Amino acid sequence: MTRGALMLLCASLLVGACERERREFRRDPVVASDEDKITMSSISPGGGQPAAQSSARAKEFENNAYHVSQGKKYYTWFNCNGCHSNGGGGSGPPLMDDTWIYGGSMENIVRTIKEGRPNGMPSFRDRIPDDQIWELAAYVRSMGRAIPQDVAPGRNDDMHPRPAENRQPYVTPIPGGSTPPSGLAPQ
Amino acid sequence: MKRSLGAAIITASIYAGSPWALAWAQGASAHNIAAPPASAAPAEDGQWTMPGKNFASTRYSGLDQINVSNVKNLQVAFTFSTGVNKGHESAPLVVGSTMYVLSPYPNILYALDLTQPGAPLKWRYNPKPDAAAQGVACCDVVNRGPTYANGRIFFTTLDAHVVAVNADTGEEMWKTKVGEINKGETMTMAPLVAKDKVVVGNSGGEYGVRGWVQALDAASGKSVWKAYSTGPDRDVKIGPSFKPFYDGDKGQDLGVSTWPPNAWEQGGGTVWGWMSYDPDLNLLYHGTGNPGPWNANQRPGDNKWTTGIFARDPDTGDARWYYQTAQHDIHDWDTINEQVLLDMEWDGQMRKVLVHPGRTGFVYVLDRTTGEVLSAKPFHALTAVTGVDLKTGRLQYNPDKEPIQNRVVRNICPTAPGSKDWNPSAFSHRTGVLYIPHMNMCMDWETTEPNYIAGTPYVGAEVRMFPGPGGHMGEFSAWDIRAGKELWTINERFPLWSGAMATGGDLVFYGNMEGWFKAVHARTGEALWQFKTSSGIIGQPTTYRGPDGKQYVAVLSGVGGWAGAIVSGDLDPRDGSAALGFVNAMRDLKNVTTKGGTLYVFKLP
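Owing to the predicted nature of the structure, the values given are computational and were not obtained by experimental measurement. (Residues numbered from 1 in each chain as written. Chains lettered and ligands numbered in written order. Predicted model: local features only at pLDDT ≥ 70, side-chain atom pairs only at ≥ 80, totals over all residues. Heavy atoms only, no water.)

Enquirer: Is there a simple way to explain the overall build of chain B in this structure?
Expert: The helix and strand inventory of chain B stands at six helices and 38 strands. Each of the 605 residues in chain B was classed as buried or not, and the buried ones make up 68%. Here the analysis covers contacts within chain B between residues at least 6 apart in sequence; of these, 62% occur between residues at least 24 apart. With an accessible surface of roughly 18,700 Å², chain B has 50% of that area assigned to carbon and sulfur atoms. (Helix = DSSP H or I, 4+ residues; strand = E, 2+ residues; numbered from the N terminus. Buried < 20%, exposed > 50% of the residue type's maximum accessible area, 1.4 Å probe, protein only. Contact = heavy atoms within 4.5 Å. Areas by Shrake-Rupley, 256 points an atom, 1.4 Å probe, with all protein chains shown as cover.)

Shown next as structure tokens:
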């Protein structure tokens with residue numbers, strides 16, 4: 001479906017807001033992301049789930065086709081593809097699979113990009129503006145399709161090395177850690 | 001058949017040393033066979049002290065206890081886990097009664113005591129390289145081996161340090177930082193020790209680094225000289241003694257003028273492969289890697305001094321000659337493969353030659369005193385190139401396969417890793433034949449806009465590889481150097497990424513990515529023995545005489561490397577462009593082998 005058609009659909013349904021299409025040209029002052037409750041573990045002492053929170057901001061980015069497609073553009077601009085290929089991985093781990101070393105939530109991925117990770121993920125803090133990092137994270141989430149299908153990008157115009165993001169089945173992120181649980185690598 | 005073969009072997013060993021007997025055994029006519037210079041390949045002492053075996057890089061051992069008639073009984077003597085799950089490209093060394101095994105990143109050096117049953121661990125040395133180096137290693141975090149000289153083991157670490165370790169005690173003698181991972185420089189090559197110098201070079205041709213080769217003082221680790229592969233003559237160590245054979249390599253500061261302004265600063269030409277040394281000529285030979293970025297539209301010109309072979313004075317680093325195998329390389333065809341030094345009759349004259357099976361698809365025979373190309377014959381299915389012009393030395397590209405920005409050019413053979421990548425061939429001093437483990441692959445290539453950000457990849461191409469004609473991806477070929485043709489070849493399902501080794505027992509050993517370690521008849525290619533190891537093999541086999549006087553054969557199993565990154569890096573097989581396009585061809589490898597590094601050592605019962 002083209003963007004135009006969707007617009008029409010949105011308009012015709014008289015829906016107050018269509019999140020996929022929304023664009024904000026002036027953003028609110030940035031909420032310090034360091035105050036987000038982020039966790040990289042699914043256990044916590046004393047029982048119950050670790051305190052984690054998915055911010056409204058995360059939803060806003062990953063449910064928005066514009067942000068995701070901007071993220072896709074930055075993914076090559078900042079040479080993410082040099083290390084992660086089109087999601088299948090290279091010197092960096094695959095991003096299109098369901099297994100995450102450092103967590104697969106928007107907040108986790110934003111952290112990964114900003115701070116870097118010890119086994120060779122560079123820190124992009126102060127190299128990429130905050131909003132673009134969120135857009136990158138939203139695109140990374142689309143690679144294995146952890147976001148709605150109608151938001152995920154379609155196939156590339158040029159070489160077609162992998163199925164398009166919007167053709168993937170929906171996946172739920174799995175906390176994988178750095179060592180696969182057995183000799184069998186995540187597929 | 002068996003019987004007459006046995007007889008031939010006995011006869012040959014009776015006359016061993018006599019060139020006539022060898023020529024006769026080979027079934028060749030009067031002319032004597034090629035041989036490495038004696039100064040570069042001393043008499044067999046039962047050890048294996050450097051990955052190339054000797055300065056001529058023949059990877060041949062004269063040991064002959066294990067031979068064509070008894071190899072079928074070969075069995076495991078002992079094994080040892082390196083505890084590392086990445087690609088094991090290194091060669092196990094044996095010095096005296098100790099074996100040295102170097103793992104890929106984190107580059108742990110193990111010393112095993114061969115005098116004790118089961119070869120227990122004597123000591124280990126862990127250089128603790130910076131983990132971040134893993135991100136800037138293009139093609140798995142491999143290491144191609146340690147080397148031994150004067151009581152010390154020398155090796156490079158992924159985070160661009162060179163270390164010297166006391167071979168008896170494992171004590172660190174020195175550790176020198178020679179590169180900057182934050183600029184994309186890593187190290188994976190095996191050093192060569194010539195005289196009192198440890199010669200090393202950098203990796204990172206996919207990260208916009210500037211390639212160099214450097215000599216460190218073996219005693220102190222201090223840098224003695226450093227020569228870059230791009231830039232002004234003084235940086236490249238080109239001076240009055242530089243006498244290249246071809247006119248295209250003559251002129252001032254070609255390392256600057258054959259590039260767009262300043263492009264040479266990120267121009268690649270890294271020195272991550274093999275080196276050889278001729279003590280008589282006092283010349284060190286090394287290759288230079290691909291120019292950066294892969295997108296060749298960004299760098300019109302011949303891009304000197306990338307993708308070529310240098311001869312240098314090891315004392316000063318001064319260049320003596322240079323030959324470029326791929327001027328203005330468009331397909332990532334590094335010239336870092338081994339150079340086998342031989343003395344052989346060529347058109348009725350004895351010539352000192354250097355044999356180099358290149359990524360371009362040709363086996364080059366050069367005169368190693370001048371850099372003249374005597375022959376360049378194809379050993380791979382070719383669509384991208386048509387030949388080498390022996391008058392100018394220039395590679396002839398097929399214009400139909402030249403990359404065009406944002407267009408997918410299809411069916412380019414050979415691929416980016418070339419007809420053959422780093423994994424070295426072996427030359428048998430007995431048969432006079434070169435044994436080349438190589439690939440049979442083609443690729444589609446789309447040139448894209450690269451973006452230079454220091455410390456991140458600088459490539460500018462989308463690639464996907466696939467099997468070449470016949471559908472198999474690997475070949476193990478016996479090569480007649482003089483005639484420039486294949487004598488026999490063994491097809492393998494996956495690309496061959498392991499080195500070869502030849503022995504005095506008329507055997508050749510190699511491993512495949514499924515994990516089979518094989519011994520074949522050096523004269524016929526007949527498969528004589530094979531053993532399935534725990535993971536795919538991409539290592540370099542070696543052989544030695546143990547303290548008990550018996551011959552052993554050693555190899556590291558542990559899949560990975562560029563070809564095996566899909567397994568060692570847990571890459572996603574749905575993305576064909578992963579691992580720079582290798583994953584497209586290697587999807588099935590995940591169903592055939594798993595990762596894990598183990599040393600295997602074999603002996604006769």
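Enquirer: Would you mind going over the interface of chain A and chain B with me for this structure?
Expert: By a widespread convention, an interface's size corresponds to the accessible area lost as its parts come together. At the junction of the two partners, chain A supplies 33 residues and chain B supplies 31 residues. Roughly 2,500 Å² of surface becomes buried between chain A and chain B when both sides are summed, with 51% attributable to carbon and sulfur atoms. Linking chain A with chain B are zero salt bridges. Applying the counting criterion to the chain A and chain B interface returns 16 residue pairs in polar contact (both at pLDDT 80 or more). It is helix α4 (residues 80–84) of chain A that provides the largest number of residues to the side of chain A that touches chain B, a total of four residues. Broken down by class, the residue content of the side of chain A that touches chain B amounts to twelve nonpolar, 18 polar and three charged. (Buried area = accessible area lost by both parts, 1.4 Å probe. Salt bridge = Lys/Arg side-chain N within 4 Å of Asp/Glu carboxyl O. Polar contact = N/O pair within 3.5 Å; in protein donor to acceptor, adjacent residues only side chain to side chain. Nonpolar A, V, L, I, M, F, W, Y, C, P; charged D, E, K, R; others polar.)

Enquirer: How should I be thinking about the sheet that holds strand β3 (residues 93–95) of chain B in this particular structure?
Expert: Pairing between the strands of a sheet is mediated by backbone hydrogen bonds and can be parallel or antiparallel. Residues and elements named next belong to chain B. Pairing is antiparallel in the open sheet, where four strands are placed in the order β3-β4-β5-β6. A strand with exactly one partner marks an edge of an open sheet, and here the two such strands are β3 and β6 (121–125). Between one strand axis and the next, the sheet turns by 20 degrees as a mean value, whatever way the strands run. In this structure, strand β5 (residues 109–113) lies alongside β6, joined through four bridges in antiparallel fashion. Along β6, the bridge assignment pairs Leu112 with Leu121. (Pairing = 2+ DSSP bridges. Axes fitted to C-alpha atoms, helices over the stretch in contact; angles between N-to-C directions.)

Enquirer: I'm lost on the pattern of salt bridges in this one. Help?
Expert: Pairs may arise between side chains of opposite charge once their charged atoms sit close together. Residues and elements named next belong to chain B. Considering all chains together, one arrives at 35 salt bridges over all chains under this definition. A salt bridge links Asp315 to Lys195, with the nearest nitrogen and oxygen atoms 3.0 Å apart. Taken together, the positions of Asp315 in the loop between β17 (308–312) and β18 (319–324) and Lys195 in the loop between β11 (192–194) and β12 (197–201) put the pair 120 residues apart, joining distant regions of the chain. Of the residues examined, Asp315 reaches a relative accessible area of 30% and is grouped as partly exposed. Judged by its relative accessible area of 43%, Lys195 is partly exposed. With a shortest N-O distance of 3.7 Å, Arg493 and Asp588 are connected by a salt bridge. With a gap of 95 residues between them, Arg493 in the loop between β31 (485–492) and β32 (501–503) and Asp588 in the loop between α6 (583–586) and β38 (598–603) connect regions that are remote in the sequence.

Enquirer: Just to check I follow, could you spell out the state of the cysteines for this structure?
Expert: Disulfides are covalent bonds that link the sulfur atoms of two cysteine residues. All names here are of chain B. Under the criterion given, the structure shown has two disulfides over all chains. With a sulfur-sulfur separation of 2.1 Å, Cys138 is cross-linked through a disulfide to Cys139. The S-S bond linking Cys138 to Cys139 shows a torsion near -105 degrees; that makes this disulfide left-handed. Note that Cys413 is cross-linked by a disulfide to Cys442, the S-S spacing being 2.2 Å. Where Cys413 bonds to Cys442 through sulfur, the torsion about that S-S bond is close to 100 degrees, and the disulfide is right-handed. With Cys413 in the loop between β25 (408–412) and β26 (426–427) and Cys442 in strand β28 (residues 441–447), the pair connects residues that are 29 residues apart, well separated along the chain. On the basis of relative accessible area, Cys413 is assigned to the buried category, the value being 3%. (Disulfide = S-S within 2.5 Å.)

Enquirer: I tried to follow the domain arrangement of chain B on my own but got confused; where do I start?
Expert: Under the domain assignment used here, chain B contains domain 1 (1–32) and domain 2 (33–603). A straight line from the C-alpha centre of domain 1 of chain B to that of domain 2 of chain B covers 32 Å. (Domains from an automatic or database assignment.)

Enquirer: Whenever I open this one, helix α6 (residues 130–143) of chain A confuses me. Can you help?
Expert: The α-helix advances 3.6 residues per turn, and as a result positions three or four apart in sequence lie on the same side. Residue and element names in this part refer to chain A. Between the first and last C-alpha of α6 there are 20 Å, a value that for 14 residues agrees with the 20 Å anticipated at 1.5 Å per step. Judged by how many residues are buried, α6 sits mostly within the fold: twelve of 14 residues are covered. Residues Gln132, Ile133, Trp134, Glu135, Leu136, Ala137, Ala138, Tyr139, Val140, Arg141, Ser142 and Met143 constitute the buried set of α6. Buried residues belonging to α6 abut α2 (56–62), α3 (65–77), α4, β1 (99–100) and α5 (106–115). A positive backbone phi angle near 55 degrees is found at Arg145, which sits one or two residues after α6. (Expected span 1.5 Å × (residues − 1).)

Enquirer: How do you make sense of the environment of Tyr148(B) when you look at a structure like this?
Expert: All names here are of chain B. Position of Tyr148 relative to the elements: it lies in strand β7 (residues 147–149). Tyr148 gets classed as partly exposed once you look at its relative accessible area, which sits at 22%. For Tyr148 and Thr503, which are 355 residues apart along the polypeptide, the C-alpha to C-alpha distance reads 21 Å. In this structure Tyr148 touches Thr49, Leu93, Val95, Ile153 and Ala167, once residues within four positions along its chain are discounted. Among the polar contacts made by the side chain of Tyr148, one reaches the main-chain amide nitrogen of Gly151 at a distance of 3.0 Å.

Enquirer: What's the story with the environment of Glu21(A) in this structure? I'm lost.
Expert: All names here are of chain A. Tracing the backbone through its elements, the reader meets Glu21 in the loop between α1 (3–13) and α2. Among the residues examined, Glu21 registers a relative accessible area of 13% and is labelled buried. Spatially, the C-alpha atoms of Glu21 and Ala65 are 6.2 Å apart, while their sequence positions differ by 44 residues.

Enquirer: Even after reading the chapter, I still don't get empty space enclosed by the protein, so can you show me in this structure?
Expert: Which parts of space are left empty comes out when a probe the size of a water molecule is rolled across the atoms. Residues and elements named next belong to chain B. Applying the stated rule across the entire model yields six cavities of 30 Å³ or more. In this structure, the largest cavity encloses a volume near 270 Å³. Residue lining of the largest cavity: 27 residues in total, with Cys138, Cys139, Arg144, Glu206 and Trp272 positioned closest to the centre. Residues belonging to the lining of the largest cavity are distributed by class as follows: twelve nonpolar, seven polar and eight charged. Here the second largest cavity is characterised by a volume of approximately 100 Å³. Lining the second largest cavity we find 13 residues, and of these Gly52, Pro191, Leu192, Trp274 and Met275 sit closest to its centre. In terms of residue class, the lining of the second largest cavity is built from seven nonpolar, five polar and one charged. (1 Å grid on protein atoms, 1.4 Å probe; cavity = no way out; pocket = protein on both sides within 12 Å on 5 of 7 lines; lining within 4 Å. Points joined across faces, edges and corners; volume = space filled by probe spheres on them.)

Enquirer: Mind showing me how you'd approach the confidence of the model for chain A here?
Expert: Close reading of the predicted structure is inappropriate where its pLDDT is low. Residue and element names in this part refer to chain A. Scored by pLDDT, chain A has a mean of 81; 78% of the residues are at 70 or more. Within chain A, the lowest mean pLDDT, 48, falls on α1, and the highest, 97, falls on α4. Note on residues 29–34: pLDDT under 50 across the span, and eight contacts to partners over four residues away in sequence or across chains. Overall, residues 181–187 carries pLDDT values under 50, and its contacts beyond four positions in sequence, including any with other chains, amount to nine contacts. (pLDDT = per-residue confidence, 0-100.)

Enquirer: I tried to follow the sheet that holds strand β1 (residues 60–61) of chain B on my own but got confused; where do I start?
Expert: Residues and elements named next belong to chain B. Strand order in the open sheet formed by five strands is β1-β32-β33-β34-β35, with mixed pairing between adjacent strands. The open sheet has two free edges, formed respectively by β1 and β35 (527–532), since each of these has just one partner strand. Pairing of strand β33 (residues 507–511) with strand β34 (residues 516–521) involves five bridges; the strand directions are antiparallel. Considered in β34, the bridge of Phe509 is made with Ala519.

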